[in-house]
Amino acid sequence: MDAFASQLAEITEQSLSLPVLPAKQSSQINAYLTISANWLSLAENALPLLTAIACLPASLQQPQSKLWRRHIALYLLLGMRSHANHHTLQQGVAALLSFYQLKQAQQPPAVRQKVAAQLRKLDQHYWAFRLLSTGAASHDSDDVFTLSWQWIALLHRSPAMCVADTLHHLSLRTGCSLNSLLTPFVTFPGVLHEGCRVKYQQSTALLVGQLPEQVLLYLPHNEQFAWDGRNSITPENGKTVSLTQWVQIVERLNHYQTENDNNEQALTLPDYQWAVPTSYPVSRPPTSLEQLLRALNDPDVAIKKIVDLISTEPTFSAFLTQAASQDNRMQLPVQDLKQSILTYGLDRVGHMLVQHALYQRLSQHPFLLQPWFSRLTQLAAQIASELAAATPSLTPQSAGLVVTIALSPLFTLPYTKVQITIPRQPRQLFNVATLLHPQPDKWLASVRQHQQSLVTAWQQQTLQTKLIACCGRLPLDVPASLRQAHCVAGLSIIWARQWLLDQPVCESTKQFIQQTRQLYPDLFGLESLIRSQVSALLACPLNEFASNRHSANK
């Protein structure tokens with residue numbers, strides 16, 4: 001903790017020495033982003049210290065003396081507990097740092113407008129938006145930036161307000177979406193946080209650290225430390241110590257550990273990895289799925305082995321049985337897992353499970369446009385499945401997987417995490433790169449690289465690999481053997497963007513549609529039927545901010 005306290009002092013000094021924007025050199029913008037990354041690193045490596053900063057006043061005599069630092073700690077703690085995307089958090093911290101620097105320099109609002117314009121030119125969209133919207137009303141957007149701002153606004157009015165009272169006030173003031181972001185905070189650190197005073201065995205103690213079911217306490221009357229169950233303590237009217245006092249007590253704990261390192265009862269601050277939500281890499285499938293894919297690729301595999309492998313992963317077995325039961329194309333009721341596998345066939349089962357696992361990993365970290373991109377991916381995959389059911393070129397499950405992989409860069413490229421709007425008047429609705437930027441050519445190489453890396457990492461067959469390589473091309477530019485499958489995937493993305501995002505059909509898109517109509521006219525006879533089947537996905541559950549922004553772009 002000594003090292004983390006030194007790191008906190010260093011990062012505080014760095015933050016206060018940042019130049020007031022607008023930047024005269026690009027290095028000044030980079031300095032903000034570098035220090036924001038340092039804040040993220042501190043948050044990940046010293047979560048109890050971050051919790052103490054967020055929940056304890058910097059000074060009991062002057063509770064607002066370092067409110068900016070508490071604001072950053074709250075934002076990061078809420079963001080980490082809510083699984084927010086790191087690219088978004090980094091620019092959010094930069095927005096807070098630049099806002100407080102401008103405020104300290106007493107710059108008028110017009111300067112903020114100028115800074116935001118400069119940031120947008122440099123593709124720092126989330127930073128620019130947040131710099132302008134700081135202090136805005138709660139309908140501004142449903143993310144942790146708004147929630148942390150409302151928290152700090154309460155502390156401005158009532159600096160001595162404890163965490164329990166703050167949570168109570170926020171829950172009454174915010175809507176359902178923001179309230180859902182408070183739930184992880186209640187789980188940890190909760191109202192009994194590091195540095196709060198508690199009643200323990202008829203005396204006062206200080207909560208130093210915690211695990212899910214246990215707490216580490218400091219007992220002032222005998223200057224000792226002790227572990228006990230969470231049920232053994234009760235809050236003491238929201239009383240806390242200062243951050244400085246808490247750090248000093250933790251340092252004393254470290255010295256206590258050094259002096260008693262041969263004692264079996266020696267105590268240390270716990271590892272807080274339990275409090276950090278687990279992130280799963282998109283770059284490779286789950287281990288259980290890798291084993292299953294290897295078995296599915298074995299021509300001599302027994303069906304019992306497949307059933308056993310799927311059964312060991314409850315998520316897979318539940319998904320597969322439910323999917324088979326709800327599939328309109330299945331005419332027989334599905335009773336168990338083995339029947340689901342036999343009904344679909346091994347290849348289809350593999351594609352279904354890969355698509356399910358991949359989508360879960362793609363959508364695990366929230367960012368502003370994620371509701372749009374998630375619903376767009378679900379919609380396009382279902383359209384592709386329905387179109388593929390009427391063609392011999394690929395199975396519905398394979399078509400849904402190809403489209404999910406094709407749209408995966410929307411979730412994996414860093415640029416998408418800091419966008420606040422979908423590009424206006426895009427061209428080539430069948431090209432995923434046009435969802436990223438008004439000038440998609442500079443992103444095309446990155447899009448294809450991400451698509452191909454996922455195809456390889458998730459052990460896809462030759463057909464999927466070839467189809468992904470053709471993404472973004474017109475039908476007549478694709479080999480004849482892949483043309484029908486390519487039209488199914490491209491047409492599903494076009495229809496999804498038209499139906500969900502109301503994006504206009506440009507000349508290049510008309511050309512794709514014309515070539516597809518000439519080659520496979522029967523596909524267009526399914527349009528009305530498919531639209532009615534996917535109607536539930538066309539009502540996207542977006543926050544008011546995103547809806548208003550999208551309406552302005554139409």
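Reference entry: report on the structure contained in this document. (Residues numbered from 1 in each chain as written. Predicted model: local features only at pLDDT ≥ 70, side-chain atom pairs only at ≥ 80, totals over all residues. Heavy atoms only, no water.)

## Re helix α23 (residues 480-501)
- In this model α23 runs 31 Å from its N-terminal to its C-terminal C-alpha over 22 residues, within 8% of the 32 Å that 1.5 Å per residue would give.
- Bending of α23 peaks at approximately 30° at the position of H486.
- The buried fraction of α23 is high, at 19 of 22 residues.
- A positive backbone phi angle near 55° is found at D502, which sits one or two residues after α23. (Helix = DSSP H or I, 4+ residues; strand = E, 2+ residues; numbered from the N terminus. Expected span 1.5 Å × (residues − 1). Bend = angle between axes of the 7 residues up to and from the residue. Buried < 20%, exposed > 50% of the residue type's maximum accessible area, 1.4 Å probe, protein only.)

## Brief notes about the environment of T51
- Topologically, T51 is positioned in helix α3 (residues 47-55).
- Distance in space between the C-alpha atoms of T51 and A226 is 20 Å, their sequence separation being 175 residues.
- Residue contacts for T51: discarding those within four places in its chain leaves L77, F188, P189, H193 and E194.
- Side-chain polar atoms of T51 contact the backbone oxygen of L47, separated by 2.8 Å. (Contact = heavy atoms within 4.5 Å. Polar contact = N/O pair within 3.5 Å; in protein donor to acceptor, adjacent residues only side chain to side chain.)

## Points about the pairing of strand β4 (residues 224-229)
- Pairing of strand β3 (residues 214-219) with β4, which is carried by six bridges, proceeds in the antiparallel orientation. What sits directly across from L217, in β4, is A226.
- Connecting β3 to the antiparallel partner β4 that follows it, the hairpin turn spans four residues, and E223 within it adopts a positive phi of roughly 55°. (Pairing = 2+ DSSP bridges.)

## Concerning the sheet that holds strand β1 (residues 196-200)
- Pairing is antiparallel across the open sheet formed by five strands, whose spatial order is β4-β3-β2-β1-β5. The strands lining the two open edges of the sheet, one partner per strand, are β4 and β5 (233-240). If you compare each strand with its neighbour and ignore which way they point, the axes differ by 40° on average. (Axes fitted to C-alpha atoms, helices over the stretch in contact; angles between N-to-C directions.)

## Focus on the side chain of Q91
- Examined against the element boundaries, Q91 turns out to sit in helix α5 (residues 86-104).
- One polar contact links the side chain of Q91 to the main-chain amide nitrogen of Y126, over a distance of 3.5 Å.
- Ignoring anything within four residues of it in the chain, the contact list for Q91 reads L33, D123, Q124, H125, Y126, W127 and V418.

## Some points on the state of the cysteines
- Taken as a whole and judged by the stated rule, the model has zero disulfides.
- Take C487: it sits in no disulfide, and the sulfur closest to it among the cysteines is that of C470, at 11 Å.
- C506 forms no disulfide, and the closest cysteine sulfur to it belongs to C487, at a distance of 16 Å.
- C506 gets classed as buried once you look at its relative accessible area, which sits at 18%. (Disulfide = S-S within 2.5 Å.)

## Remarks on unusual backbone geometry
- The step from L21 to P22 runs through a cis peptide bond, and the omega angle for that step is 10°.
- Along the chain, P22 turns up in the loop between α1 (2-16) and α2 (26-45).
- Here the bond from F188 into P189 is cis, since omega is 0°, no more than 30 degrees from zero.
- Tracing the chain through its elements places P189 in the loop between α10 (176-187) and β1.
- Not every positive phi belongs to a glycine, and Q202 is a case in point at roughly 65°.
- Mapped onto the elements of the fold, Q202 is located in the loop between β1 and β2 (203-210).
- Judged by relative accessible area, which is 84%, Q202 ranks as exposed.

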